[in-house]
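Close look at the chain arrangement
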Amino acid sequence: MTLAQVQQPLVFIVSGPSGSGKSTLVLKMLEVAGTMFSISCTTRPPRPTESAGKWYDFVSEAEFERMAAHGEFLEYAQVFGKHWYGTPRRWLDEAQRKGLDLVLEIDVQGAEQVKKKLPNAVAIFILPPAREELERRLRTRDQDPEEAIQRRLNRAQQEMQRYMEYDFLVVNDDVERAGREVQAITVAARCLRSCLSERARKILESFGG
Ligand code: 5GP
């Protein structure tokens, strides 16, 4: 592994089915100093509670296609066979410039692409406490029509089969405990040898390593 590779910002991937509570856990990770969120672009229309530029940049299909054609995405995918979602590369550049770790909340297709490009990325999969609980959460959220809920449930079934591709599994049955777990993963990952920090590198160099 070259030095240039290890000095990339640490990238965290957080995936899990809709209703697993991953957004809440991402917020817990962002409470850890030195992290920043990767705002995805999507062609999905905003929900009434969503404002632009917080979780998503809402773009037209034409704009999304333009960005994809210009190689502006680190990864992108069509989620639920409907709307497009993508991670702009510029967040990676910004994280590098600012010396921050980048947190991506993306689906399993995106996670696979990022892991191929950045093998040191740390991938966390959020598990709902039970299948019935996931369904209950999706229904009580009451923000999507029945057809969308069914689509999310079918997709959850497929996504859950791919947990083996992730480094960490966090069960979100108790948000406080799960929050502590994702924060612990964030902190621990910084000590991984493969993520060699500037500080550790200098010490090793002084020993001729
Ligand atoms: P929602 O429409 O409910 O906000 O998100 C639907 C799914 O898209 C979620 O599983 C979410 O993690 C995923 N997603 C959000 N942003 C991205 C992205 O930039 N890339 C990919 N591949 N998936 C994303």
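To start, this report covers the structure provided alongside it. (Residues numbered from 1 in each chain as written. Predicted model: local features only at pLDDT ≥ 70, side-chain atom pairs only at ≥ 80, totals over all residues. Heavy atoms only, no water.)

What the largest pocket holds in volume is close to 800 Å³. Mapped onto the lining of the largest pocket, the elements with two or more residues apiece are helix H2 (22-30), strand E5 (73-79), strand E6 (83-88) and helix H7 (146-160). Looking at the lining of the largest pocket, the element that brings in the most residues is H2, giving four residues. Here the residues of the lining of the largest pocket sort into ten nonpolar, 13 polar and twelve charged. (1 Å grid on protein atoms, 1.4 Å probe; cavity = no way out; pocket = protein on both sides within 12 Å on 5 of 7 lines; lining within 4 Å. Points joined across faces, edges and corners; volume = space filled by probe spheres on them. Helix = DSSP H or I, 4+ residues; strand = E, 2+ residues; numbered from the N terminus. Nonpolar A, V, L, I, M, F, W, Y, C, P; charged D, E, K, R; others polar.)

Looking now at the site of the ligand. The environment of the ligand is made up of 17 residues, and the closest members are Ser40, Arg44, Tyr56, Glu75 and Tyr85. Tyr85 places a polar side-chain atom, nitrogen or oxygen, 2.5 Å from an oxygen atom of the ligand. Here a nitrogen atom of the ligand sits 2.7 Å away from a polar atom, N or O, in the side chain of Asp107. Look at the ligand: alone it shows 510 Å² of surface, and the protein chains cover 95% of it. Elements represented by at least two residues in the shell around the ligand include exactly E5 and E6. The class makeup of the residues in the shell around the ligand is six nonpolar, four polar and seven charged. (Near = heavy atom within 4 Å. Polar contact = N/O pair within 3.5 Å; in protein donor to acceptor, adjacent residues only side chain to side chain. Areas by Shrake-Rupley, 256 points an atom, 1.4 Å probe, with all protein chains shown as cover.)

The subject of this paragraph is the packing of aromatic side chains. Inspection of the entire model under this criterion finds nine aromatic pairs. On the numbers, 6.0 Å between centres and 75° between planes, the contact of Phe64 with Tyr76 is edge-to-face. Taken together, the positions of Phe64 in helix H3 (residues 61-69) and Tyr76 in strand E5 put the pair twelve residues apart, joining distant regions of the chain. Pairing Tyr76 with Trp84 gives two aromatic rings, centres 6.0 Å apart and planes at 50°, and the pair type is tilted. Tyr76 sits in the partly exposed class, given a relative accessible area of 35%. Given the relative accessible area of 27%, Trp84 is considered partly exposed. Feature note: the residues Phe64, Phe73, Tyr76 and Trp84 constitute an aromatic cluster, connected by ring pairs. The positively charged end of Arg90 is found above the aromatic ring belonging to Trp91, 4.4 Å away from the centroid. (Phe/Tyr/Trp six-rings, centres within 6.5 Å; stacked < 30°, edge-to-face > 60°. Buried < 20%, exposed > 50% of the residue type's maximum accessible area, 1.4 Å probe, protein only. Lys NZ or Arg CZ within 6 Å of the ring centre and 35° of its normal.)

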